[in-house]
Amino acid sequence: LRPQPHRPPPRPELAVRTPHVAIVPDGALAVPGLLERMRDVLEATGGATKIVAAPVGPRPPRCLALEVDAKAWTARYGRADRGSCGALDGAPAVLLLRTRDLWALPFPLTPPVVTALAVQASLRGWTLRLLPDAFPAAVRPPLSPHGRWKSQNLLDRQHRALMEELGVKLEVLPDGRQRWHGCDKDTPRCFGTIHARTPQYLVSGRWTPPCCLRALRETARHVVAELEAAGIRYWLEGGSLLGAARLGDIIPWDYDVDVGLYREDVAKCRWLAAVVATGEPVEDPEGFLWEKAAEGEFFRVHYSRTNRLHVDLWPFYVRAGGVMTKDTWLGHPQDVEFPERFLRPLVAVAFAGVAAKAPNDPRAFLELKFGRGVIESPEYPNPGVRRLEQDLGTGTG
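Residues numbered from 1 in each chain as written. Predicted model: local features only at pLDDT ≥ 70, side-chain atom pairs only at ≥ 80, totals over all residues. Heavy atoms only, no water.

## Observations concerning the nonpolar core
Counting 63 residues, the largest nonpolar core has W290, L313 and F351 as the members making the most contacts within it. Looking at this core, the element that brings in the most residues is helix α7 (residues 210–230), giving 9 residues. Among the nonpolar cores identified, the runner-up in size contains 17 residues, and I23, C85, L97 and L105 belong to it. (Core = buried A, V, L, I, M, F, W, Y, C linked by side-chain atoms within 4.5 Å. Buried < 20%, exposed > 50% of the residue type's maximum accessible area, 1.4 Å probe, protein only. Helix = DSSP H or I, 4+ residues; strand = E, 2+ residues; numbered from the N terminus.)

Listed below in structure tokens is the structure:
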């Protein structure tokens, strides 16, 4: 199935002329009549079941529930009844499908095939039925420790490559453990340059990858801790305050964190003071990168030198009439001046796992910037490019 430069592209769908396809793992031995029974079970469901499986060997695979949330780039596994499964784990199995169903999938034979079919089936609402009847397995000499390591290493590589191809950044296992496949401090973030305040993942109908949200939360918590320790007067701004008011967290489709602070307090933070003094980025001991933004008079704190997910720090100062203003405006509709009374005093709100500072009347502050009812009416940053209702299917509520 692997393409080769000196041969035509493999097209197995053109070679299969039967109404059903069996996918058989190496080492499975035939059992008279078992494939026919699997076919009969498949057809008896009238189309509700799309895949029928039978174990190979004496130990049946574990039957798991599987829910794939494409918008959130996440696959969640749970326990399920043996009869109806979302995924199989722990042992090989023969799978039987209708040929038309198999070739309707975008990745029908990508290894590991059982996992690939399970994820794609979940996205389509298909069910998988595991039968009690089993195919015997051929007797093989046991693998050496090195052979087992090589085999497991190959499976792990195939699994990671499959998750990347299917767009799954996070797997939540039945015991609650998490398996990550996205970005980290040593890799670039999962999306490119933002155009018209709309990242590419929104254009494709998805939300912020969970690995990127994790990095934003870590960066936000780090920045809040540094500002608190330095005694800087700061507050959540814009969409970050909106996320705190709605969820106590970052908005699920946001791509940065915005924090305002008093310009006169900037020198209190050793990292910001170093950036101002040298004009160069400064990396702190935990690998976060502090720098002056190229777009104007504000600062950015990146998750790392490689991963540019960031917190924007906006220095405000008081002008005549007790109004908070700043020197750089990027033309966003919500980027406006506001009375200082919103900051006297500041209050604590839950955000990204910590208590962060916020204006003392978050609703009034947000409605001044975004308009009335903004907390109750979620919307994407630029509805002219894509609207939230396109991905929810039920309006913007």
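## Here we look at the pairing of strand β4 (residues 74–79)
When strand β3 (residues 62–69) meets β4, the two strands line up antiparallel, connected through 6 bridges. Its bridge partner lying in β4, V68 is registered against A75. Taking the residues between adjacent antiparallel strands as the criterion, β3 and β4 are bridged by 4 residues, where W73 takes a positive phi near 60°. Of the pairings in the sheet, the one linking β4 to strand β9 (residues 170–172) comprises 3 bridges and is parallel in character. Paired with R76 across the bridge in β9 is V172. (Pairing = 2+ DSSP bridges.)

## Section: the state of the cysteines
Using the criterion set out here, one finds 1 disulfide in the structure. C183 forms no disulfide, and the closest cysteine sulfur to it belongs to C212, at a distance of 3.8 Å. Judged by its relative accessible area of 3%, C183 falls in the buried class. (Disulfide = S-S within 2.5 Å.)

## Let's talk about the side chain of D312
When you line up the elements, D312 lands in strand β16 (residues 310–319). Accessibility expressed as a relative area gives 3% for D312, which makes it buried. Non-local contacts of D312, meaning those with residues more than four positions away in its chain, are made with D256, V257, D258, V259, F298, F299 and R300. (Contact = heavy atoms within 4.5 Å.)

## Considerations on the pairing of strand β19 (residues 347–351)
Both faces of the sheet carry side chains from a regular strand, because those side chains alternate between them. As paired strands, β19 and strand β20 (residues 354–358) are joined by 5 bridges and run antiparallel to one another. Looking at β20, one finds that V349 is bridged to A356.

## A look at the packing of aromatic side chains
Counted under the stated rule, the structure contains 11 aromatic pairs. For the ring pair W235 and Y262, a centre distance of 5.7 Å and an interplane angle of 80° mean the geometry is edge-to-face. On the criterion of sequence distance, the pair formed by W235 in strand β11 (residues 234–236) and Y262 in strand β12 (residues 257–262) is long-range, its members being 27 residues apart. On the accessibility criterion, W235 (0% relative accessible area) is buried. When the ring centre of W180 is taken as origin, the NZ or CZ atom of R214, which lies over that ring, is 3.9 Å away. Between R233 and the ring centre of Y262, over which it is positioned, the NZ or CZ distance is 3.9 Å. (Phe/Tyr/Trp six-rings, centres within 6.5 Å; stacked < 30°, edge-to-face > 60°. Lys NZ or Arg CZ within 6 Å of the ring centre and 35° of its normal.)

## Points about the environment of V41
Looking at the secondary structure, you find V41 in helix α2 (residues 34–44). It is 24 Å that separates the C-alpha atoms of V41 and D26, two residues lying 15 residues apart in sequence. The contacts of V41, once residues within four sequence positions are left out, are V52, R129 and L131.

## Brief notes about helix α4 (residues 113–124)
A turn of α-helix holds 3.6 residues, and therefore any two residues three or four places apart point the same way. Taking 1.5 Å per residue, 12 residues should reach 16 Å; α4 reaches 17 Å between its end C-alpha atoms and fits that length. Those residues of α4 that sit buried are T115, A116, L117, A118, V119, Q120, A121 and S122. (Expected span 1.5 Å × (residues − 1).)

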